[in-house]
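Architecture and fold: a report
Below, each chain spelled out in residue letters.
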Amino acid sequence: MFKRIDWILLLSLMALLVMGFAVLYSAAYRMEFSDVTKNYFTKQVIWVCLGLIAVLLLSFVNYKSIGNISVILYLLNVLLLLYVLFLGTKIGGARRWISFGIVSIQPSEFMKLTLILCLAWFLSMARGRENSLWTLVVSLLITGVPLLLILKEPDLGTALVLIPVMLTLLFIYGLRLKYFIALILTGLLSSPLVWLILKPYQKSRILVFLNPSHYQYGAGWAVIQSKIAIGSGQIFGKGWLEGTQSQLNFLPERHTDFIFAVLAEEAGFVGCVLLLVLYFIILFRGIKISQMARDDYGKLVACGIVAMIGFHIFVNIGMTLGLLPATGLPLPFMSYGGSFLLTMVLSVGMLMNIYAYNSHY
Amino acid sequence: MKRHGVFLCIIIFMMLFLVSGLAWFQIKEGESYYQKSENNRIRSLSFASPRGRILDRDGVILADNRVSFGVSIIPEEIRKNESFVIPLLIELIKDDDLTYEKIEKKIKSAHAAPFVHVRIKKDLEFDAFARIEENLLDMPGVTVRPYMVREYPYDDLAGHVIGYTGMISLEEYGRLKGSDYQKWDMIGKTGVEKMYDTILRGRRGWKYVEITASGRHVENLKETKVIPGSDLMLTIDNDVQRMAQNALQDYRGACVVIQSDTGDILALVSSPGLNVSSFGESPDTEALKEYFQDTNKPFINRTIQASYSPGSVFKIVLAIAGLSTGVITEETEFYCNGAFLVGGRRFRCMGQHGHVSLIEALERSCNIYFYNLGLKLGPNTMAEYSKKLGLGQASGIDLPYERQGIVPSPEWKKNRFKNDKRWYDGETALFAIGQGFLEVTPLQLIYAANALVNGGKLFKPKLLKKVYGNKLINPHDVAGEYTDLSFNPYHLMLIKQGMYQVVHSPNGTGRRAKLNGYEIGGKTGTVQVKRHGKRQPDHGWFFGFSPIDKPKYSVIVFIENQGAGGHKPARIAREIFKGIWTKEETRKLYVQTN
């Protein structure tokens, strides 16, 4: 049984979770909570435990069975998205959550995984039609519906994730390259249109990204403080719980968007490289698992998951460094957020599942 | 599958991109960002040190500090409540000059530091202060803070001596950067306030605190304590200064009174005077405008910043030169018939004195005697003795912007003039009677003359008598410095005799300085003035000392355009001596009865 566990993947995941706990603890260290149930750290620990239990339970099921119900999962998730749009809790002008008392869930987070499961299933059924426009169109539809619903919430960042996921799945599936060129061209040509459709706050994010010091005391503040936090960590960091940017409130959203800056300030370059190495191991293993999988579904799901996790890492860290505009995408296994954490843990769980059911002869 | 390979490559590139980004920020620019994070969390507060006071030799306080209140706001904290706090504040302060727009402007210009206090009103009246204190709880972000203001209790007494303080200028700050001075500091601009600014200001105190992003105090870090400035005692005697200022108040001119045997300056007067209370942090702009427009130029300290021909007072210098070099003796005589021919030009004398020797020549200020003497001595010797007595060079008094004056000589003329470089005998003649190119400041002249009456001691003028001290400087008395010129005492006695005659003889040019019951010696001087080719009323000098044998006091009075030295200047000197001796008698009486 133990041979069926990808130990490298599992240990890397554990290491990441431990790191995540340490960093989140530091981020929440000087925050004031009205009671323990509201403490970010404790809540995150609970979500991780739930996630790990779910993964354990999942291991008794062959992923191909999940594949069979992936369309149902997809549709259920879309329904939840619709529910959110009309009856979801409104926070800060956006409807993204369904709350159940102390707990609230974000359907858009789960959508990232359910889309992978569903689209991968569709494409695994479409063997031989790599040259067909029909495949492309259906894929766009499957992706487009949730994308538009999420966009409506509004949640631009999360919606954007679905695009590289879809592209990766199509790529690994084997869609003819000409379609990719067409897609890229269409994307570029339609970007002015996109600019017009963007909401003002979304436009300002891009403007702020291009010239943060101009918005120094407004929207640019966060990324400026983030750069200071990251840079001031230098090589060895300032020490756990000793980051001044983090502990003295100069860094906004340090438990979510900018959690990486907390790590960078307190653990320095060394800590950041360690994190990136762990992430790389997971992504690398994911691709290996995809190659290893004997069925198309396994192959596709694995790569889809790698794309999803990789995109989050890239965009979040890029944003904290001011190299990319702000999108609100959290950092896997680090940022506080129950639904997101659960999605990530389940995703890795899926990878382990694919490995387990393919590692025998 | 090949596509997996491509995908892996993309992932690898992404990771490398992030790592290099991190390397840039944390390694290459790490130091700089670390500095920024320190700047974020550390706030420095500074505390001004109380300025040292300036006292006169009796302990009367001439420059002091008083507490005043200013209203400050913290822009960031006021921002949320701007709409009601600012109008409330304006209503409580009740200052017509303080408008909503002005406050808005100040807030805007402080946008780079939203948590630093911005002062919107200085010198708050006490009842406005009370009103604001009552309402402070309703106005978050508003503070009333005490601060020190320089005060001159006697307004214009010794204004030029004390000077005043003002806001440090960009240029001054540039020079003083790195020291205790801050961009918004007050600094002495002129007078003693400027000369001894570093002693008077002490040292700022600093407190470094750690703060959160909202400016909330976390903990204290480093602290350096304030060092109050050291008090200074001047040699000035406020009574004598007041007397002398009053005596000169209707004229343009200068007056210096010194202790003959110590060189201490008892009074230093430049008229018109300056009311130094008009300057400072909240200057009296009306008064300042008047000063700037006044054609009598009150800003010039005529004791050191203006140089004039000394006229006949200079004859005493010639006298010592003649006696010391042996060119004349007390018996040497010259014949005065009112005119003297030099190089084809006729030089005049005030009267026809017949045969005169030195003492008479001094008594009556006979020009002919001194023309003769001057020609015999020659300009180089005259220049030598002038310089020996401190003329033509800065005296080193502890006041800024002192002029050097001019001691001419053939050498000097050669360097100075482009066209006519030759030295003429006529110029020697003019030099001899203290006119021509020769220029002296009243301060130089009194110390030179004083050296001839106190036995040959040329003192270095100083105003500072005592430093009370603080942690930075030890308390100490400031000793007087002098050069012993080693003149022959017999020669000096002869000159003194002549000067005694000037006042006490019925023919003496300075007889109007005679004060019954006291011995006063002196020398008059009258300077002809031409302006734009037209003759103006003469300037007048009077140098006096008392008593004769061991003089205690020397006085010099210089009045512009009011005629001969034997008239107004002599009378004024008399008044001053009267005042000085009266004060001394009163004091003796006081001591005796107590």
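Residues numbered from 1 in each chain as written. Chains lettered and ligands numbered in written order. Predicted model: local features only at pLDDT ≥ 70, side-chain atom pairs only at ≥ 80, totals over all residues. Heavy atoms only, no water.

**Brief notes about the overall build of chain B**
Tallying secondary structure elements over chain B gives 20 helices and 23 strands in all. Relative to the globule expectation of 25 Å for 594 residues, the C-alpha radius of gyration of chain B, 33 Å, shows a markedly less compact shape. Seen through its C-alpha atoms, chain B measures out along the principal axes to roughly 130 × 70 × 45 Å. In chain B, once contacts between residues fewer than 6 apart in sequence are set aside, the share between residues at least 24 apart is 69%. As displayed, chain B offers around 28100 Å² of accessible surface, 51% of which is attributable to carbon and sulfur atoms. (Helix = DSSP H or I, 4+ residues; strand = E, 2+ residues; numbered from the N terminus. Rg over C-alpha atoms; globule rule 2.2 N^0.38 Å. Contact = heavy atoms within 4.5 Å. Areas by Shrake-Rupley, 256 points an atom, 1.4 Å probe, with all protein chains shown as cover.)

**A short note on helix H13 (residues 315–325) of chain B**
All names here are of chain B. Here H13 lies mainly inside the structure; nine of its eleven residues are buried. When H13 is considered as a whole, its buried residues turn out to be Lys315, Ile316, Val317, Leu318, Ala319, Ile320, Ala321, Gly322 and Leu323. Residues of H13 that are buried make contact with helix H14 (358–364), helix H15 (367–388), helix H17 (425–432), helix H18 (442–453), helix H19 (489–504) and strand E21 (521–531). Backbone geometry just downstream of H13 places Gly326 in the positive-phi region, at approximately 85°. (Buried < 20%, exposed > 50% of the residue type's maximum accessible area, 1.4 Å probe, protein only.)

**Points about the pattern of salt bridges**
All names here are of chain B. Inspection of the entire model under this criterion finds 35 salt bridges over all chains. Put simply, Glu38 and Arg41 hold a salt bridge, and the shortest N to O gap is 2.7 Å. Of this pair, Glu38 and Arg41 both sit in helix H2 (residues 30–41), separated by three residues, roughly a single helical turn. The buried category is assigned to Arg41, whose relative accessible area is 14%. (Salt bridge = Lys/Arg side-chain N within 4 Å of Asp/Glu carboxyl O.)

**Digging into the sheet that holds strand E9 (residues 217–224) of chain B**
Residue and element names in this part refer to chain B. Strands sit in the order E1-E8-E9 across an open sheet of three strands; the sheet is antiparallel. At either margin of the open sheet sits one strand with a lone partner, and together these are strand E1 (42–47) and E9. Going from strand to strand, the sheet's axes swing by 25° on average, the running direction of each strand aside. Sheet analysis places strand E8 (residues 205–211) next to E9, joined by five bridges and oriented antiparallel. Bridge pairing in E9 places Val209 opposite Asn220. Across the sheet, H2 lies against E1 and E8, angled at about 55° from E1, the strand it touches most. (Pairing = 2+ DSSP bridges. Axes fitted to C-alpha atoms, helices over the stretch in contact; angles between N-to-C directions.)

**Some remarks on the nonpolar core**
Membership of the largest hydrophobic core comes to 120 residues, with the highest contact counts inside it found for A:Phe260, A:Leu275, A:Tyr279, A:Val301 and A:Phe333. Ranked by residue count, the leading element in this core is helix H13 (residues 259–292) of chain A, at 16 residues. In this structure, A:Phe260 is in contact with A:Ile230, A:Cys272, A:Leu275, A:Asn316, A:Ile317, A:Thr320, A:Leu331 and B:Leu22, ignoring residues within four places of it in sequence. In terms of nonpolar packing, the next biggest core, distinct from the first, is built from 97 residues, B:Tyr164, B:Leu323, B:Tyr369 and B:Leu445 among them. (Core = buried A, V, L, I, M, F, W, Y, C linked by side-chain atoms within 4.5 Å.)

**Examining the layout of surface pockets**
The method is simple in principle: a probe with the dimensions of a water molecule rolls over the atoms, and the space it marks as empty is what remains. By volume, the second largest pocket amounts to about 2100 Å³. If you trace the second largest pocket, you find 49 residues lining it, with A:Leu160, A:Ile163, A:Pro164, A:Leu167 and A:Phe311 closest to the centre. Elements that contribute at least two residues to the lining of the second largest pocket include exactly helix H6 (133–151), helix H7 (156–173), helix H8 (177–189), helix H9 (191–197), helix H10 (200–210) and helix H14 (296–320) of chain A together with helix H1 (2–28) of chain B. Sort the elements by how many residues they give to the lining of the second largest pocket and H7(A) lands first, with ten residues. Along the lines of polarity and charge, the residues of the lining of the second largest pocket split into 35 nonpolar, eleven polar and three charged. (1 Å grid on protein atoms, 1.4 Å probe; cavity = no way out; pocket = protein on both sides within 12 Å on 5 of 7 lines; lining within 4 Å. Points joined across faces, edges and corners; volume = space filled by probe spheres on them. Nonpolar A, V, L, I, M, F, W, Y, C, P; charged D, E, K, R; others polar.)

**Digging into a nonpolar patch on the surface**
Together, A:Ile69, A:Ile72, A:Leu76, A:Leu79, A:Leu82, A:Tyr83, A:Phe86 and A:Leu87 make up a nonpolar patch on the protein surface, roughly 820 Å² of accessible area in all. When you line up the elements, A:Leu79 lands in helix H4 (residues 70–87). (Patch = residues over 30% accessible without salt bridge, like charges linked within 9 Å, V, L, I, M, F, W, Y side chains within 5 Å.)

**Quick look at the interface of chain A and chain B**
At the junction of the two partners, chain A supplies 48 residues and chain B supplies 34 residues. Taken together, the two surfaces of chain A and chain B that pack against each other cover about 3600 Å², and 77% of this comes from carbon and sulfur. Of all residues in chain A, the largest losses of buried area upon contact with chain B belong to A:Gln234, A:Leu248 and A:Phe269, amounting jointly to 16% of the total for that side. At the boundary of chain A with chain B, the tally comes to zero salt bridges. Where chain A touches chain B, the interface holds ten residue pairs in polar contact (both at pLDDT 80 or more). (Buried area = accessible area lost by both parts, 1.4 Å probe. Polar contact = N/O pair within 3.5 Å; in protein donor to acceptor, adjacent residues only side chain to side chain.)

**Comments concerning the sheet that holds strand E22 (residues 534–546) of chain B**
Residue and element names in this part refer to chain B. Taken in spatial order, the five strands line up as E12-E11-E23-E22-E21 in an open sheet, and their pairing is antiparallel. This sheet does not close on itself; its edge strands, each paired only once, are strand E12 (265–271) and E21. Shown here is a sheet whose adjacent strand axes are inclined to one another by a mean of 5°, direction ignored. Two strands pair when backbone bridges link them, and strand E11 (residues 253–259) and strand E23 (residues 553–559) are joined in this way by seven bridges, in the antiparallel orientation. Residue Val257 lies in a different strand from E23, and its bridge partner there is Val555. On the sheet, H19 packs against E21 and E22 and is oriented at approximately 75° with respect to E21. Lying over the sheet, helix H20 (residues 568–593) contacts E11, E22 and E23, oriented at roughly 145° with respect to E23.

**A word on the packing of H13(A) against H1(B)**
Interhelical geometry of H13(A) versus H1(B) gives an angle of 175° and a closest axis separation of 11 Å. By the criterion of interaxial angle, the relationship of H13(A) to H1(B) is roughly antiparallel. Of the residues belonging to the contact of H13(A) with H1(B), the class tally is 21 nonpolar, five polar and no charged. (Parallel < 35°, antiparallel > 145°, perpendicular 65-115°, else oblique.)

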